[in-house]
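Chain and residue survey
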Amino acid sequence: DGLRQSPRRVIRPVLHKAMEWYGAERVFTGEGLPQGYDGQGVVVGICDIGIDPLHPTFIDAASGESRIRRIVQYKESQGERIEVCPEDYSAWKTDTVAEWHATHVAGIMAGGGAGSPYRGVANGAEIVVTTSQLSDVGLLAGVEDIIEYARSVGKPAVVNLSMGSYNGPHDGTSLFSRYMDMLGEEAVICLSAGNEGNRSNTLQFDFRDGHEFAEMWIGSRDYANYDIYGMTDIWGLDGAPFEIELFVYDSNDGTRGTKYLMPRLELADGDVWRVDSGSDSELVKYFKGGIEVRGGIWPGNGRRYVQVEYDLHTDEMSNKGRWARYNLGLRVLADKGQHVDIYADGSYSTLRVLAADARPGSTASFSDLACGHNVVSVGMYNNGGLAEPAGIVSEYSSYGTLVDGRVMPLTVAPGASLVSALSSYADPAPSADHIVDGIWAHQMGTSMSSPYVAGFIATWLQANPALGVGDVKEIIAATNRHDYPDPENPRHGQGWFDPYAGLLKALEYAGIDDVGADAMDIRYDMATQTLTVLSPGGACTVRVYSLGGVMQTEHRVDDRLSHVSLSELAEGVYIAVATAPDGTSRRLKLLVG
């Protein structure tokens, strides 16, 4: 999620400044384009927490109504799904007063700005918001809700998830990633890369001569280490066995393994090992709480894994400072030639150095949620909102090279920092230094850069509704900028996002060099299931394909303006392609049914 910066830093309002990078404002003004683009005809959605649907940035100036057309609230722990319609927003108010993240993220992606400089990107799009307790099922169901709404109105969809999770295989084979890949066939989904680029949460380790084991200790995010809570997982490259040992590390004298060494574990599928201070007479000498270890072969990729969950507390202070004396140590043992990737959760616990040859860092800090093949992953650069120099990649931006060779993130966009909407229900609200004019707030993180990218992708889909996620990823890769300082820094991922160049490429994919009254165009009316084809040259062939590329029907039209009924087609999503004799064509994704 968003990373709130220290109030000691000098900050200034900059959502509008983010639009200046690489001439992004030209997308709205239409400079050098057939028209300006603002996401009209597209549904944009977020799965998040802390939405204020009646914030001025979401109110349509002409109608006075909220542009958030639907909210779905999930309470997973209670098994509840609550659908909220616009007429109920006043009574419903918000999903939680404890967060304002969703309000800020949605404002960046599609807020109108309410006359302020802090307008979002796709402020002509329809908005759908789903909120939840941020479980996998809540997020995935939320994406499905957004897609279902887009289907119901016959419009393409862009979905943003400004969420991160750092445990997992990081190869796209988690159940979350596989399901997200399936949903990515129906909507373009953007995910945050994560904000762990400057933390020691990961270790990639090769077992070579003299490296029989890799060891480290597990620390808390507050560095005091009195409460060690969270999870660390270890992944091999294949199914080859490896073992782990857990021990008490004494920060007073640096000893480990001598006070209390838990058994060496090599876990078969389904094996679970537990220990807790209530039943173990040795562990209770150092910690209250317990540890659970499970592992085996992950069926999605054939790789061996071990997950270590811990919930430990100690009161004894180190003689070297105001931190805990006793810490949880982790040792991984494997044969020469093997490799392991180790990930702490990052949210609650981190990995700390014990040996010079095993130094945890951030080289694999990328969020596992964003490792799917049909999603767009987004990092962040400093866009001028901090005392830090603008135009450099943020030290917080997560990155990594996955085991299949993919360099992450796919693109890097403004995210440090952006001013966007602040929920009127936020309690606690951000510090006074972060609030602008009472209803806006500064926030930084890949949570902010991801909706920026999602909003501009919505403008691409406005220009070319037939674009799929493969097209969008291809366009991003082809138009990413590389004219930044420190080009060897891996946080750059595959390059920096260029909204305007991407829009030009999206128009090129549609075969559009110029549009207007004298150029070919194709439109679809879902209510009548009719295509309207404008072909200034007269003769034109219209073909309709399934998403799998199989032609379903073909029509020849001879008039400048023609109408083609698609009512004979079965319910589903299709691609219509109109082609003139000179080869000029237009594509359109549409829903029949």
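Structure: see above.
Below or above, wherever it landed, is the structure these notes cover. Quick caveat: nothing in here was measured; it's all calculated off a predicted structure.

Structurally, the position occupied by Leu265 is in the loop between strand S11 (256–261) and strand S12 (272–276). Counting along the chain gives 158 residues from Leu265 to Gly107, while the straight-line C-alpha distance between them is 49 Å. Setting aside residues up to four positions removed in sequence, Leu265 forms contacts with Phe242, Glu243, Ile244, Trp273 and Val293.

There is a patch of like negative charges on the surface, built from Asp222, Asp227, Asp311 and Asp315. Mapped onto the secondary structure, Asp227 falls in strand S9 (residues 227–236). The partly exposed category is assigned to Asp227, whose relative accessible area is 48%.

Further remarks concern the sheet that holds strand S28 (residues 551–557). One open sheet holds the four strands; their spatial order is S28-S27-S30-S31, and the pairing between them is antiparallel. Each edge of the sheet is formed by a strand with only one pairing partner; in this case those strands are S28 and strand S31 (585–592). Each strand axis lies, on average, 20 degrees off the axis of its neighbour in the sheet, ignoring direction. Relative to S28, strand S27 (residues 540–546) runs antiparallel, the two sharing six bridges. Across the sheet, the residue bridging to Arg543 is Glu554, located in S28.

Another point: the pairing of strand S2 (residues 68–75). With six of eight residues buried, S2 lies mostly within the body of the structure. With five bridges connecting them, S2 and strand S4 (residues 126–131) associate as parallel partners. Paired with Ile68 across the two strands is Ile127, which belongs to S4. Sheet topology places S2 next to strand S3 (residues 80–84); five bridges connect them, and they run antiparallel. Looking across to S3, one finds that Val72 is bridged to Glu83. If you look at the hairpin formed by S2 and S3, you'll find four residues sitting between the two strands, and Gly79 has a positive phi there, around 65 degrees.

Ordered by their spatial adjacency, six strands build an open sheet running S7-S16-S9-S14-S13-S12, and the pairing between neighbours is antiparallel. At either end of the open sheet lies a strand with only one pairing partner, and these are strand S7 (202–206) and S12. Each adjacent strand pair in this sheet contributes to an overall mean axis angle of 10 degrees, direction not counted. Relative to strand S14 (residues 303–313), strand S13 (residues 288–298) is paired through 11 bridges, and the arrangement is antiparallel. Within S14, the position partnered with Gly290 by the bridge is Asp311.

We now examine the packing of aromatic side chains. For any pair of aromatic rings, the description consists of the separation of the ring centres together with the inter-plane angle of the planes. By the definition in use, this model includes 16 aromatic pairs. Summarising the aromatic geometry, the rings of Tyr381 and Trp496 are spaced 3.9 Å apart at their centres and angled 10 degrees between planes, so their arrangement reads as stacked. Residue Tyr381 is found in strand S18 (residues 376–382), and its partner Trp496 is found in the loop between helix H8 (469–479) and helix H9 (499–509); the two are separated by 115 residues along the sequence. A relative accessible area of 1% means that Trp496 is categorised as buried. A connected cluster of aromatic rings, assembled from ring pairs, spans Trp21, Tyr22, Tyr381, Tyr484 and Trp496. Just above the ring of Phe28 sits the side chain of Arg119; from NZ or CZ to the centre is 3.9 Å.

Criteria and cut-off values
- Residues numbered from 1 in each chain as written.
- Predicted model: local features only at pLDDT ≥ 70, side-chain atom pairs only at ≥ 80, totals over all residues.
- Heavy atoms only, no water.
- Helix = DSSP H or I, 4+ residues; strand = E, 2+ residues; numbered from the N terminus.
- Contact = heavy atoms within 4.5 Å.
- Patch = residues over 30% accessible without salt bridge, like charges linked within 9 Å, V, L, I, M, F, W, Y side chains within 5 Å.
- Areas by Shrake-Rupley, 256 points an atom, 1.4 Å probe, with all protein chains shown as cover.
- Salt bridge = Lys/Arg side-chain N within 4 Å of Asp/Glu carboxyl O.
- Lys, Arg positive; Asp, Glu negative; His and termini not counted.
- Charge placed at Lys NZ, Arg CZ, Asp CG, Glu CD.
- Buried < 20%, exposed > 50% of the residue type's maximum accessible area, 1.4 Å probe, protein only.
- Pairing = 2+ DSSP bridges.
- Axes fitted to C-alpha atoms, helices over the stretch in contact; angles between N-to-C directions.
- Phe/Tyr/Trp six-rings, centres within 6.5 Å; stacked < 30°, edge-to-face > 60°.
- Lys NZ or Arg CZ within 6 Å of the ring centre and 35° of its normal.

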